[in-house]
Amino acid sequence: MIDYGWRILRLSLIISIITAAMIFVAVRRFVVSPLMGVIVNVKAFQENPEDPARIIRPSSRLGEVAEAEQALAEMQEDVLTALRERSRLASLGEALAKISHDLRNMLSTGQLIAERLEMSRDPLVARVLPKLIGSLDRAISLCQRTLDYGGAEETAPELRQVRLRALTREVAEGLGLDLDAGSGPGSGPGSGPGSGRVRCRIDIPEQHTVLADPEQLYRVLANLMRNAAEAISAGGGPGEIRVEIDVEIAGTGGGQVIRVHDTGPGMPAKALENLFKPFRGGMRRGGAGLGLAIAQELVRAHGGELELISSTTEGTEFAIRLPAGVDTG
Ligand SMILES: Nc1ncnc2c1ncn2[C@@H]1O[C@H](COP(=O)(O)OP(=O)(O)O)[C@@H](O)[C@H]1O
Ligand SMILES: [Mg+2]
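None of these values were measured; they are calculated from a predicted model.

(A) Summary view of the overall build of the protein chain. A tally of regular secondary structure across the protein chain gives 7 helices and 8 strands. Of all 329 residues assigned to the protein chain, the portion counted as buried reaches 30%.

(B) Up close: the nonpolar core. In this structure, Leu221, Met225 and Ile241 are the most contacted members of the largest nonpolar core, which totals 45 residues. By residue number, the principal contributor to this core is helix 5 (residues 214-234), which donates 11 residues.

(C) Spatial organisation of the pairing of strand 6 (residues 256-262). A large share of strand 6 lies buried, amounting to 5 of its 7 residues. Note: strand 5 (residues 239-247) against strand 6, 7 bridges, orientation antiparallel. Each residue of the ladder has a partner; that of Val243, found in strand 6, is Val260. Taken together, the 7 bridges between strand 6 and strand 8 (residues 315-322) define a ladder with antiparallel strand orientation. Paired with Gln256 across the bridge in strand 8 is Leu322.

(D) How the structure looks around helix 5. Across its 21 residues, helix 5 extends 29 Å between first and last C-alpha, which sits within 8% of the 30 Å expected from 1.5 Å per residue. Counting buried positions along helix 5 gives 17 out of 21 residues, so the element sits mostly inside the fold. Positive phi appears at Gly236, one or two residues downstream of helix 5, with a value of about 95°.

(E) Highlighting the packing of helix 4 (residues 164-174) against helix 5. At a closest axis distance of 9 Å, the pairing of helix 4 and helix 5 adopts a crossing angle of 50°. One element, helix 4, and the other, helix 5, form an angle in the oblique class. Our pair here, helix 4 against helix 5, has a crossing hand that is right-handed. Here Leu167, Thr168, Glu170, Val171, Ala172 and Gly174 of helix 4 come into contact with helix 5, specifically with Pro214, Leu217, Tyr218, Leu221, Ala222 and Met225. In terms of residue class, the contact of helix 4 with helix 5 is made up of 9 nonpolar, 2 polar and 1 charged.

(F) Quick peek at unusual backbone geometry. Here Phe276, not a glycine, exhibits a phi torsion of approximately 70°, which is positive. Along the chain, Phe276 turns up in the loop between helix 6 (269-273) and helix 7 (291-301).

(G) Structural context of the sheet that holds strand 6. Strand order in the open sheet formed by 6 strands is 2-3-5-6-8-7, with mixed pairing between adjacent strands. Strands at the two margins of the open sheet, each flanked by one partner only, are strand 2 (178-179) and strand 7 (305-312). Along the sheet, helix 4 makes contact with strand 2, strand 3 (198-203), strand 5 and strand 6, crossing strand 3 at roughly 175°. Of the strands in this sheet, strand 7 and strand 8 are in contact with helix 7, which crosses strand 7 at around 135°.

(H) Fine view of the environment of Ser233. Inspection of the secondary structure assignment puts Ser233 in helix 5. Since 19 C-beta atoms lie within 10 Å of it, Ser233 is described here as partly exposed. A C-alpha to C-alpha distance of 9.5 Å links Ser233 and Pro265, two positions 32 residues apart in sequence.

(I) Examining the pairing of strand 8 more closely. Among the 8 residues in strand 8, 6 count as buried, and that is most of the element. Relative to strand 8, strand 7 runs antiparallel, the two sharing 7 bridges. By the bridge assignment, Glu307 is partnered in strand 8 with Ala319. What sits between the antiparallel neighbours strand 7 and strand 8 is a turn of 2 residues.

(J) Just the packing of helix 5 against helix 7, in detail. Between helix 5 and helix 7, whose axes approach to 9 Å, the crossing angle comes to 145°. Considering only the axes of helix 5 and helix 7, their crossing is left-handed. Contacts between helix 5 and helix 7 pair Gln216, Arg219, Val220, Asn223, Leu224, Arg226 and Asn227 from the former with Gly291, Leu292, Ile294, Ala295, Leu298 and Val299 from the latter. Here the residues of the contact of helix 5 with helix 7 sort into 7 nonpolar, 4 polar and 2 charged.

(K) Representation of helix 1 (residues 2-47) within the structure. Here helix 1 spans 64 Å end to end across 46 residues, near enough to the 68 Å set by a 1.5 Å rise per residue. The sharpest bend along helix 1 reaches about 40° and sits at Arg28. Across the 46 residues of helix 1, 2 count as buried, placing the element largely on the outside.

(L) Looking closely at the confidence of the model for the protein chain. Mean pLDDT over the protein chain stands at 84; residues scoring 70 or higher make up 87%. Per-residue pLDDT stays below 50 along residues 149-153; that stretch engages in 16 contacts with residues further than four places along the chain or on separate chains. Segment residues 184-196: pLDDT under 50, and 32 contacts once partners within four positions in sequence are set aside and those in other chains are kept.

(M) Focus on the environment of Ser141. Note on placement: Ser141 falls in helix 3 (residues 123-146). Overall, Ser141 belongs to the partly exposed group, with 13 C-beta atoms counted inside 10 Å. Taking the C-alpha atoms as reference, Ser141 lies 8.1 Å from Arg104; in sequence the two are 37 residues apart.

Cut-off values and rules
Residues numbered from 1 in each chain as written. Chains lettered and ligands numbered in written order. Predicted model: local features only at pLDDT ≥ 70, side-chain atom pairs only at ≥ 80, totals over all residues. Helix = DSSP H or I, 4+ residues; strand = E, 2+ residues; numbered from the N terminus. Buried ≥ 20, exposed ≤ 12 C-beta atoms within 10 Å, placed from the backbone. Core = buried A, V, L, I, M, F, W, Y, C linked by C-beta atoms within 7 Å. Pairing = 2+ DSSP bridges. Expected span 1.5 Å × (residues − 1). Axes fitted to C-alpha atoms, helices over the stretch in contact; angles between N-to-C directions. Parallel < 35°, antiparallel > 145°, perpendicular 65-115°, else oblique. Left-handed = near helix turned anticlockwise from the far one by under 90°. Contact = placed C-beta atoms within 7 Å. Nonpolar A, V, L, I, M, F, W, Y, C, P; charged D, E, K, R; others polar. Bend = angle between axes of the 7 residues up to and from the residue. pLDDT = per-residue confidence, 0-100.

Put into structure tokens, the structure is as follows:
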């Protein structure tokens, strides 16, 4: 009897152990490991939500877990779409801001030229000029408002040999600066940022060329020289902007350095702290703080570097360092 009882007990123990083991294996296989899979996936997705390969593929055979995996996959898909949309919009906004910044500068040049026509006695000019100036004004203020948003990639520079003196002269004329005798045909007193009291000296030989994208180099110089002219005017002027070229000596790579000096009052601390950072360093009313950021990006696209050499109460100097081109020797 006792012996029989023992056997029953042993048998029940064995059955219990086998059942427990089976339940353990089943729970592990069908619940714990799929859940672990979900947890691992959530962590991986969290690390890089922009990688579509990290979206979970539902694989569980247990109804509830499969449902959870499905819901998670859908949510990850939505997050991915939202992220893509956001980054597209961000680059669009940035591109728009950069275009607006430089478009505003070009329109300002147009406005400057239009204002000079005010002196004309031609009745036709007198009649249409206010309308022209009005619409330029509106276009400039539209660009200004667009600048409240945020720069995608510029197009790659199309390099060719550019006559630097002529290009610089064009920039100076566009800004209404007084060109020094010997710097080319003077534009007379202007009413631009220089107000006729900013002289411009170009210390570059007529024949000198640099390997660059002329349009982009124009924009770089225009940004630097406009800032310089604005700084001189803000400091109560008169003053001078000097643009010169240094050909780097052998051993330093053989590149070229275009230097832009001004006799303005120097950069404000906030601009220095946020040098080249878009939207941060702008100090002027109406300025977006984009000019230097754009100029630096354009120079970098040339494989060069834009550097602030010095900025004191006596003036500011920027250097545009361009690498030696493959075919410049
Ligand atoms: N040559 C300079 N002399 C003095 N201040 C300068 C000079 N260049 C730039 N700055 C300062 O740096 C700021 C940022 O310049 P920039 O990036 O061109 O933006 P923005 O001209 O749109 O304000 C300017 O607002 C100005 O205060
Ligand atoms: Mg500027």
